[in-house]
Structures are given as C-alpha cells and as structure tokens.
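Understanding the architecture of this molecule
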Amino acid sequence: MKELITTDGARLAYQDTGGEGVPLVMLHGWGQTQAMFRHQVEGLAPGRRVVTVDLRGHGKSGAPRHGYRIARLSRDVLELVDRLGLDRFDALGWSMGVSVWWSFIDQYGTGRIRRFVAVDQPAAVAAVPWMTEREQRDSGAIFDVSGLLYLGAALAGPEGDTVLDDFVRGMFSGEPDPEVLAFVAEQIRSTPAHAGVPLLFDHCAQDWRDVLPRIDVPTLVIGCEGSHVHPDSQRFVAARIPGARLHVFTSDVASSHFPFLENPPAFNAVVEGFLAEEPVRGA
C-alpha cells in the first residue's frame, strides 16, 4: 500500500498494480474501502494496471476533521491521478464512487477519461424539494430530505452501530452470502462517524442530473436486480448520458448492491468486455 498526502493534509492509502495498457482507476462507495474490489484487481485482464484508493475517512486512509464533501473527494482523486502521471485512464465508480466521478467530470471535464463505468448509483439519492414526483422516481431517490436527516442523526447517535448494521443489511435482498455480508459490515466500520455522517449528508443531497448529458466519453451503466438501488434508476442514468450502454444483472446472477463481490466472474466479464472494445474509427 502506498500513500499520498493531499494539498489539505489528508493521508490517502492507495494501490497501483503497475501493469500495462490504459490504467483503470476504481472508486468505492460510502463507508466502504478499496478492498471492495479485491476480486477485480487481479480478476480483470491479466496485466491490466489497476489503481484503487481508500477515500479520506475510509479504510487505511487518514480521517482528518475536514473535507467530507463529494467535491473535496473528487479533488483528492485529481491529486492522485496527477501524482501517478495518468494523462489518460479508464474510470470506474461504484455507489458514492460514481458521484465522486460525476463531481470530477463536472469540475475538471472528461479530457483524461477514456471510458467510464458507473455501478449502481442513482442520479439523486434524496428527493430534493425541487423535484416533481415523476423526477423523484426517475432519479432513483431512496428517501426524502427528512429521511436523510433522520438517518444521519441515527448514525451519529448512541445506537449508531445497530443502525449501521441495518443499513448494510438493507443493501441485500433475500439471504445474502454470510461471508460477503460479514465482509461488508467489517469494512464499513473503518469510517468514523465524524467522517461518515457529514459525507453521507453531502453525498445524498446532491442532484447530478444536469451532469449526465455532458458526459461525452463511452459509458457503461451497471444495475442489479435485488439492489436497494432500483434498476429503473440506472435505466434513467443510461438514457441521460449520450450513447451510454446499460447492463442490469438479473437476480439469478447477483441480487444486491455488491455484484462485484457476489459474482466476480460475471461482473469482471461485463466490465472487461466494455473496456477492451476497440474505439470507433474516427472517434
């Protein structure tokens, strides 16, 4: 594991496999870690260079008392790819990691991104007040602003650990693989409340719908039946990004927010197939 100190003093732990070809930079979700991608670092094409990072406040990275906003996390990612000299790379985000890439694109553009993979993230997690009921459904809003406030207060309160366990369990349908469930529950405990609660609020309060039509690189959107993120929200995201492709894993393949953990071969095959495609002549 390597380390980067950001311009505002945060310590980020990252891994760089140093393989050949176009690098793939993968970003994890809220409360999770780069270990989420343990089956992708080695399971994608042999020799592919893969970069993963524990976002600030997560995993083995430092947890300073500042910077828990999606915009700051995207700046952290910019500083990481600058450190590694990545002028051209593929970008994959899962859950909140997709939001970090959307913020990156919103602020810094797509000039360095060759291909983009967005895994199971709604265009807006909370139903912000300016949305109509139809827009709330389309965007995939999971709860309203009052529900977001309640969740944040509960996570910060004395029963926070129990609330966290229930939060994790809600991302699986049916009976999850006990090992996968235990792994996710273990990883999420690496994020202290002083980091996780304000970041969750900032993340969920964002509305990314205006960014989607400005994504001008080949994009794959991945959803999963059985996830707490409804597949229709992923259909909406794919429809808003020009030329984007959609892949929804059926429940017999994976049935949670974690298809890359539940069924690594199926997930890796879809992602690698997309990344390995030859560019369209003249594009």
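Keep in mind that this is a model prediction, so the values were computed, not measured. (Residues numbered from 1 in each chain as written. Predicted model: local features only at pLDDT ≥ 70, side-chain atom pairs only at ≥ 80, totals over all residues. Heavy atoms only, no water.)

**What about the overall build of the chain?**
Along the chain, the regular secondary structure elements total 10 helices and 10 strands. When burial is assessed residue by residue, the chain has 55% of its 283 residues classed as buried. The contacts of the chain with a sequence gap of at least 6 include a subset with a gap of at least 24, amounting to 74%. Summed over its atoms, the accessible surface of the chain is roughly 11,900 Å², and 52% of this surface lies on carbon and sulfur atoms. (Helix = DSSP H or I, 4+ residues; strand = E, 2+ residues; numbered from the N terminus. Buried < 20%, exposed > 50% of the residue type's maximum accessible area, 1.4 Å probe, protein only. Contact = heavy atoms within 4.5 Å. Areas by Shrake-Rupley, 256 points an atom, 1.4 Å probe, with all protein chains shown as cover.)

**Looking at the sheet that holds strand β5 (residues 89–94)**
One open sheet accounts for 8 strands, arranged β1-β2-β4-β3-β5-β6-β9-β10; its pairing is mixed. Of all the strands in the sheet, just β1 (2–5) and β10 (245–249) have a single pairing partner and so form its edges. Adjacent strand axes in the sheet meet at a mean angle of 20° when their direction is disregarded. Where strand β2 (residues 11–16) and strand β4 (residues 48–54) come together, 4 bridges link them in antiparallel fashion. Looking at the pairing, D16 lines up with V51 of β4. (Pairing = 2+ DSSP bridges. Axes fitted to C-alpha atoms, helices over the stretch in contact; angles between N-to-C directions.)

**A short note on the environment of T33**
In this fold, T33 is placed in the loop between β3 (20–27) and β4. Placed 24 residues apart in sequence, T33 and G57 show a C-alpha to C-alpha distance of 9.7 Å. Setting aside its immediate chain neighbours within four residues, T33 contacts H28, D54, G59, Q187 and S190.

**A word on helix α4 (residues 145–156)**
In this model, α4 (12 residues) spans 17 Å end to end at C-alpha, consistent with the 16 Å of a helix rising 1.5 Å per residue. Residues of α4 that are buried include every one of L148, L151, G152, A154 and L155, and no others. One face of α4 carries all of its buried residues, which in axial projection span an arc of 165°. Of the exposed residues in α4, the ones pointing more than 90 degrees away from its buried face are Y150, A153 and A156. Buried residues along α4 sit in contact with β7 (126–127), β8 (143–144), α5 (160–169) and α7 (193–204). (Expected span 1.5 Å × (residues − 1). Arc of directions from axis to C-beta.)

**Focus: the packing of aromatic side chains**
Per the stated rule, a full pass over the model turns up 13 aromatic pairs. Each ring, one from F172 and one from F258, has its centre 5.0 Å from the other, and the planes form 20°; the classification is stacked. Taken together, the residues span a long stretch of sequence, with F172 in the loop between α5 and α6 (178–188) and F258 in the loop between β10 and α9 (259–262) at a distance of 86 residues. Here F172 falls in the buried class, since its relative accessible area comes to 7%. On the accessibility criterion, F258 (0% relative accessible area) is buried. Considering the side-chain rings of F258 and F260, the 6.3 Å spacing of their centres and the 70° angle between planes classify their relative orientation as edge-to-face. Clustering of aromatic rings is evident, with ring pairs tying together F37, W94, F172, F249, F258, F260 and F267. (Phe/Tyr/Trp six-rings, centres within 6.5 Å; stacked < 30°, edge-to-face > 60°.)

**Regarding the nonpolar core**
Ranked by size, the top nonpolar core spans 85 residues in total, and within it W101 and F116 carry the most contacts. If one sorts the elements of this core by residue count, helix α2 (residues 96–108) sits on top with 7 residues. Sequence-distant contacts of F116, that is, excluding residues within four places in its chain, are made with A91, V98, W101, W102, I105, I215, V217, P218, T219, L220 and F274. (Core = buried A, V, L, I, M, F, W, Y, C linked by side-chain atoms within 4.5 Å.)

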